[in-house]
Amino acid sequence: MDELQLSRLSNLLITSIEKEEIKNQTKLGINVSRFISEIATWYEKFRNAMDYRDEEVVRRAAIERILKRRLLFGGTGQKIAPILIRELLWARYFPESSISEDEVEKVARVIDLYLELRQQLINQHLKIKVDSLIYQLLSSRLEVMLNKNKDIDFISNYIFHILKDHLTITDDTTETRDIQLFLAIRRAFAKDDIAFLRFRLFEQYFGQLNEHNLHSIVANFKKGYKEMDHQIHYPLKERITSYVKKQIPPFLIFGEILRRERGETRALINDTQRFMDAIFQTAETRYRTIIGKVRRAIIRAVIFILLTKFLFAFSVEITYDNLFIGRVMWKSIAMNIFIPPLLMVIASFFIRTPDKKNTERIYEHIQNILFTENPKLDRPLILSLKPVKKHPILDFIFTILWLAAFIFSFGTIIFILNKLDFNVASEVVFVFFIALVSVFTYRISQTARSYTVAAKQSLFAPILDFFFMPIIRVGRRLAEGLAQINIFLYLFDYLIETPFKEVFGFLEQWFFFLQTKREELG
């Protein structure tokens, strides 16, 4: 196909990607001990298994964790930045030699800026969690600054301009619609977590924090934060994100080709057969990576559940048994510990990756977005904050049915547990973890479907939704709350990780000392 047939947006995207130069290494970059790096990498894998997050945000979360630990008793950017970078390099969050001393100085200045912002906001006595917010903003800023690959930002903007006319919020402003679409794309395509989303909004409202706008940001922070919070908790955000997720698969595959064929993309697109083969090969490769990603997600979720389950078993069930029964019910405790993870593993066997027909649909969608000025990917989404209730009787019936689904789902579980002689405490703990398993399994299945173009709904989908959706929704709320009070993570971050990393630092200096002595021998 002639290059001129590319749409205006597709031309701009390819040009931006081609101009972007990715620099993963610098000759003057910081080196770390290979031995220490190997140990630190395994430690991070184990630590991250207890903190159930998407792989795309693990590095940002690691930056936040290190900052919290290093700044617990105060400090400055000059003191924190060097060891922060070394810890990130130890764990191979960035390639060795990819960060220079000049960049460490920039990191130090950014840390000092955010610490100053933190202090001034605290002085204002705002009714917000200042420390939590600052750590989220600072870790996101450092991740964006140190990550030299900007391709995701280019493709996210490309998706935004293609989809913006597909979304309408009838009783809200165009600005709000654009913000919500942008956030949904960052969630669905870039996999941004809540910290990243707050950071994107922060820079959208205030600009990039620097010495010149610091006082202006402080003066207007209360108003800006209120608007940020409104956008983060926007009532329609889940429906918008769900809609966007359905449109993402073609962009994921095309984005992979753009990165791999940097500088040769136009020639590839002009050769129809080669381009088709590239799409099919890329899709098959990504499908295979999904299998590995799903397995890792299952392992991490099982570890997370088992560790948390042991904590509940010994702090809740055993205490209850001793106080009210007089003896420990080991049978129910053992079943409580092992059945939920086992059910999750069994459910994972039913998770399927996309097939060839899905790849054909992806190819058709890519052709559409590349060569059509206003591509139609799906039916437009029209939403309203206050939908008119046209059928109050139907709404009442649906509410009753939804409550019935809750009663039926949880009632069935409790009935079975009673037959197995579970006491009240064991039943509560079991239901708690079944809900967690349900939401983790749902998330993992969504990961497996990340490259799936929407097809016809399964015949049994409504039945499964009726039984499992109440459990999943409860599990989601519980998972969000549990993430805030995970005792194992606090133990690791402040009682174990701190001395562990100090030993790493000492050993690395000792190894470098020995290397110097060896070099002196000639």
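Residues numbered from 1 in each chain as written. Predicted model: local features only at pLDDT ≥ 70, side-chain atom pairs only at ≥ 80, totals over all residues. Heavy atoms only, no water.

Student: Would you explain the packing of aromatic side chains in this entry?
Tutor: Given two aromatic rings, their pairing is described by the distance between the two centres and the angle made by the two planes. This structure, assessed with the given rule, holds eight aromatic pairs. Seen in terms of ring centroids, Phe-406 and Phe-410 are 6.3 Å apart; in terms of plane orientation they differ by 20 degrees. Their pairing is stacked. Placement of both Phe-406 and Phe-410 in helix 17 (residues 392-419) is noted, with a separation of four residues, approximately one turn of the helix. Ring centres of Phe-432 and Phe-433 lie 5.0 Å apart, and the angle between their planes is 75 degrees; this geometry places the pair in the edge-to-face category. By the ring-pair criterion, three or more aromatic residues cluster together here, those being Phe-202, Phe-206, Phe-221 and Tyr-225. Directly above the ring of Trp-42 sits Lys-45, whose terminal nitrogen or CZ lies 4.5 Å from the centroid. (Phe/Tyr/Trp six-rings, centres within 6.5 Å; stacked < 30°, edge-to-face > 60°. Helix = DSSP H or I, 4+ residues; strand = E, 2+ residues; numbered from the N terminus. Lys NZ or Arg CZ within 6 Å of the ring centre and 35° of its normal.)

Student: Explain the packing of helix 15 (residues 330-348) against helix 18 (residues 424-448) here, please?
Tutor: Two numbers describe a pair of packed helices, the interaxial angle and the distance between the axes. Two numbers describe how helix 15 lies on helix 18: the axes approach to 9 Å, and their chain directions differ by 15 degrees. By the angle between their axes, helix 15 is roughly parallel relative to helix 18. Crossing angle aside, the handedness with which helix 15 passes helix 18 is right-handed. Contacts between helix 15 and helix 18 involve Ser-332, Met-335, Asn-336, Ile-339, Pro-340, Pro-341, Leu-343, Met-344 and Ala-347 from the first element and Ser-426, Val-429, Phe-430, Phe-433, Ile-434, Val-437, Phe-440, Thr-441 and Ile-444 from the second. (Axes fitted to C-alpha atoms, helices over the stretch in contact; angles between N-to-C directions. Parallel < 35°, antiparallel > 145°, perpendicular 65-115°, else oblique. Left-handed = near helix turned anticlockwise from the far one by under 90°. Contact = heavy atoms within 4.5 Å.)

Student: Would you mind showing me how to read the side chain of Arg-187 here?
Tutor: Tracing the backbone through its elements, the reader meets Arg-187 in helix 8 (residues 174-188). Nearest to the buried, unbridged Arg-187 among oppositely charged side chains is Glu-238, at 5.9 Å. Aside from chain neighbours lying at most four places away, what touches Arg-187 is Asp-192, Leu-197, Ile-232, Lys-237 and Thr-241. (Buried < 20%, exposed > 50% of the residue type's maximum accessible area, 1.4 Å probe, protein only. Lys, Arg positive; Asp, Glu negative; His and termini not counted. Salt bridge = Lys/Arg side-chain N within 4 Å of Asp/Glu carboxyl O.)

Student: Looking at this structure, I do not really get the packing of helix 9 (residues 194-206) against helix 10 (residues 214-232). What am I missing?
Tutor: Between helix 9 and helix 10, the shortest axis-to-axis distance is 10 Å and the interhelical angle comes to 130 degrees. The angle between helix 9 and helix 10 places the two elements in the oblique class. As for the relative orientation of helix 9 and helix 10, their crossing is right-handed in sense. In this structure, helix 9 contributes Ile-194, Leu-197, Arg-198, Leu-201, Phe-202, Tyr-205 and Phe-206 to the contact, and helix 10 contributes Ile-217, Asn-220, Phe-221, Gly-224, Tyr-225, Glu-227, Met-228, Gln-231 and Ile-232. Residue composition of the contact of helix 9 with helix 10, grouped by class: eleven nonpolar, three polar and two charged. (Nonpolar A, V, L, I, M, F, W, Y, C, P; charged D, E, K, R; others polar.)

Student: What's the story with the nonpolar core in this structure? I'm lost.
Tutor: A general tendency of soluble globular proteins is for nonpolar side chains to be buried together. Judged by nonpolar contacts, the single largest core of 69 residues is most densely connected at Val-244, Phe-275 and Leu-370. Top element by residues in this core is helix 14 (residues 272-325). It accounts for 14 residues. Setting aside anything within four residues of it in sequence, one finds Phe-275 in contact with Phe-254, Ile-257, Leu-268, Ile-269, Ile-366, Gln-367 and Leu-370. Counting 55 residues, the second-largest nonpolar core is a separate cluster that includes Leu-146, Ile-179, Val-218 and Ile-232. (Core = buried A, V, L, I, M, F, W, Y, C linked by side-chain atoms within 4.5 Å.)

Student: Sorry if this is basic, but what is going on with the layout of surface pockets here?
Tutor: To locate leftover empty space, one rolls a probe as large as a water molecule over the atoms. By volume, the second largest pocket amounts to about 270 Å³. Contributing to the lining of the second largest pocket are Arg-141, Val-144, Met-145, Asp-153, Asn-157, Phe-182, Arg-186, Phe-199, Arg-200, Glu-203, Gln-204 and Gln-208. Ranked by residues supplied to the lining of the second largest pocket, first place goes to helix 9 with four residues. Here the residues of the lining of the second largest pocket sort into four nonpolar, three polar and five charged. (1 Å grid on protein atoms, 1.4 Å probe; cavity = no way out; pocket = protein on both sides within 12 Å on 5 of 7 lines; lining within 4 Å. Points joined across faces, edges and corners; volume = space filled by probe spheres on them.)

Student: What's the story with the environment of Ala-435 in this structure? I'm lost.
Tutor: On the secondary structure map, Ala-435 appears in helix 18. Taking relative accessible area as the criterion, Ala-435 reaches 0% and is therefore assigned buried. Along the backbone, Ala-435 and Pro-470 are 35 residues apart, and their C-alpha atoms lie at a distance of 8.9 Å. Once residues lying within four places of it in the same chain are set aside, the contact partners of Ala-435 are Ile-471, Val-474, Gly-475 and Leu-478.

Student: Can you walk me through helix 6 (residues 130-146) in this structure?
Tutor: Two residues of an α-helix separated by three or four positions point the same way, owing to the 3.6 residues in each turn. Helix length check: helix 6, at 17 residues, gives a terminal C-alpha distance of 24 Å against a target of 24 Å (1.5 Å per residue), a fit within 8%. Across the 17 residues of helix 6, 13 count as buried, placing the element largely inside the fold. (Expected span 1.5 Å × (residues − 1).)

By themselves, these figures tell us nothing about what the structure is for.
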